Amino acid sequence: QVQLVESGGGLVQAGASLELSCAVSGGTFSRISTGWFRQAPGREREFVASISPSGGIINYADVVKGRFTVSRDNTKNTVYLRMNSLKPEDTAVYYCATAAGIPYSRASEGAYDYWGQGTQVTVSA
């Protein structure tokens, strides 16, 4: 059973930065892709970013491209999401999720098997 624990969320002002962490246990981390998703109040959960097991394949949603950076440390079984130039519209609960290998539809929730509990990010204007 794979378990994921997100951390690093908080309340910041627009323009600030935050780094989220997702600690993964219970699986072979070096064979797992990880995705970041977010859900704002009243909205559907949406894809943010994904990273392949080796880190060689990275994808971003257009709305975060150039501001967010996903990375991973396979020695620590942890994936990171660095968020710069935060905007009020980035306010959401952020979730990490894992999938075996490199799923074809990396931006789709259905591609992922395990999910964390989420961490709240609030960006004030």
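Scroll up to find the structure.
The structure displayed is predicted, hence computed values, not measured ones.

(A) Region of interest: unusual backbone geometry. Even without a glycine there, the phi angle at Asn 77 is positive, about 50°. Within the element layout of this structure, Asn 77 appears in the loop between strand 7 (68–73) and strand 8 (78–83). With a relative accessible area of 27%, Asn 77 lands in the partly exposed category.

(B) Quick peek at the sheet that holds strand 8. Sheet architecture is open: four strands sit in the order 1-3-8-7, paired in antiparallel fashion. One side of each edge strand has no neighbouring strand; the edge strands of this open sheet are strand 1 (3–7) and strand 7. On average, adjacent strands in this sheet sit at an angle of 15° to one another, irrespective of strand direction.

(C) Main features of the side chain of Ser 33. Structurally, the position occupied by Ser 33 is in strand 4 (residues 32–39). At 2.4 Å, the side chain of Ser 33 forms a polar contact with the backbone oxygen of Gly 101.

(D) Here's a closer look at the pattern of salt bridges. Across all of its chains, the model carries five salt bridges by this definition. Across the pair Arg 38 and Asp 90 runs a salt bridge whose closest N-O atoms are separated by 2.9 Å. With Arg 38 in strand 4 and Asp 90 in the loop between strand 8 and strand 9 (92–100), the pair connects residues that are 52 residues apart, well separated along the chain. On the basis of relative accessible area, Asp 90 is assigned to the buried category, the value being 0%. A network of salt bridges, in which partner residues are shared, links Arg 38, Glu 46, Arg 67 and Asp 90.

(E) Geometry of the packing of aromatic side chains. One pass over the structure, following the stated rule, counts four aromatic pairs. Here the aromatic rings of Phe 37 and Phe 47 are separated by 5.7 Å at their centres, their planes lie at 75°, and the arrangement is edge-to-face. Of this pair, Phe 37 sits in strand 4 while Phe 47 sits in strand 5 (residues 46–51), placing them ten residues apart in sequence. Here Phe 37 matches Phe 47 in class, with each residue buried. Note on Phe 37 and Tyr 112: the rings are 5.3 Å apart at their centroids and 80° apart in plane angle, and the pair reads as edge-to-face. Within this pair, whereas Phe 37 is found in strand 4, its partner Tyr 112 is found in the loop between strand 9 and strand 10 (114–115), the two being separated by 75 residues in sequence. Each residue in the set Phe 37, Phe 47, Tyr 112 and Trp 115 is aromatic and connected to the rest through ring pairs, giving one cluster. Against the face of Trp 115 rests Arg 45, its NZ or CZ located 4.0 Å from the ring centre.

(F) Representation of the state of the cysteines. Considering all chains together, one arrives at one disulfide under this definition. Shown here is the disulfide that connects Cys 22 with Cys 96, its sulfur atoms set 2.0 Å apart. Its S-S torsion of about 70° marks the bond between Cys 22 and Cys 96 as right-handed, since a negative value means left-handed. Placement of Cys 22 in strand 3 (residues 18–25) and of Cys 96 in strand 9 is noted, with a sequence separation of 74 residues between them. Given the relative accessible area of 0%, Cys 22 is considered buried.

Procedures and definitions
- Residues numbered from 1 in each chain as written.
- Predicted model: local features only at pLDDT ≥ 70, side-chain atom pairs only at ≥ 80, totals over all residues.
- Heavy atoms only, no water.
- Helix = DSSP H or I, 4+ residues; strand = E, 2+ residues; numbered from the N terminus.
- Buried < 20%, exposed > 50% of the residue type's maximum accessible area, 1.4 Å probe, protein only.
- Pairing = 2+ DSSP bridges.
- Axes fitted to C-alpha atoms, helices over the stretch in contact; angles between N-to-C directions.
- Polar contact = N/O pair within 3.5 Å; in protein donor to acceptor, adjacent residues only side chain to side chain.
- Salt bridge = Lys/Arg side-chain N within 4 Å of Asp/Glu carboxyl O.
- Phe/Tyr/Trp six-rings, centres within 6.5 Å; stacked < 30°, edge-to-face > 60°.
- Lys NZ or Arg CZ within 6 Å of the ring centre and 35° of its normal.
- Disulfide = S-S within 2.5 Å.

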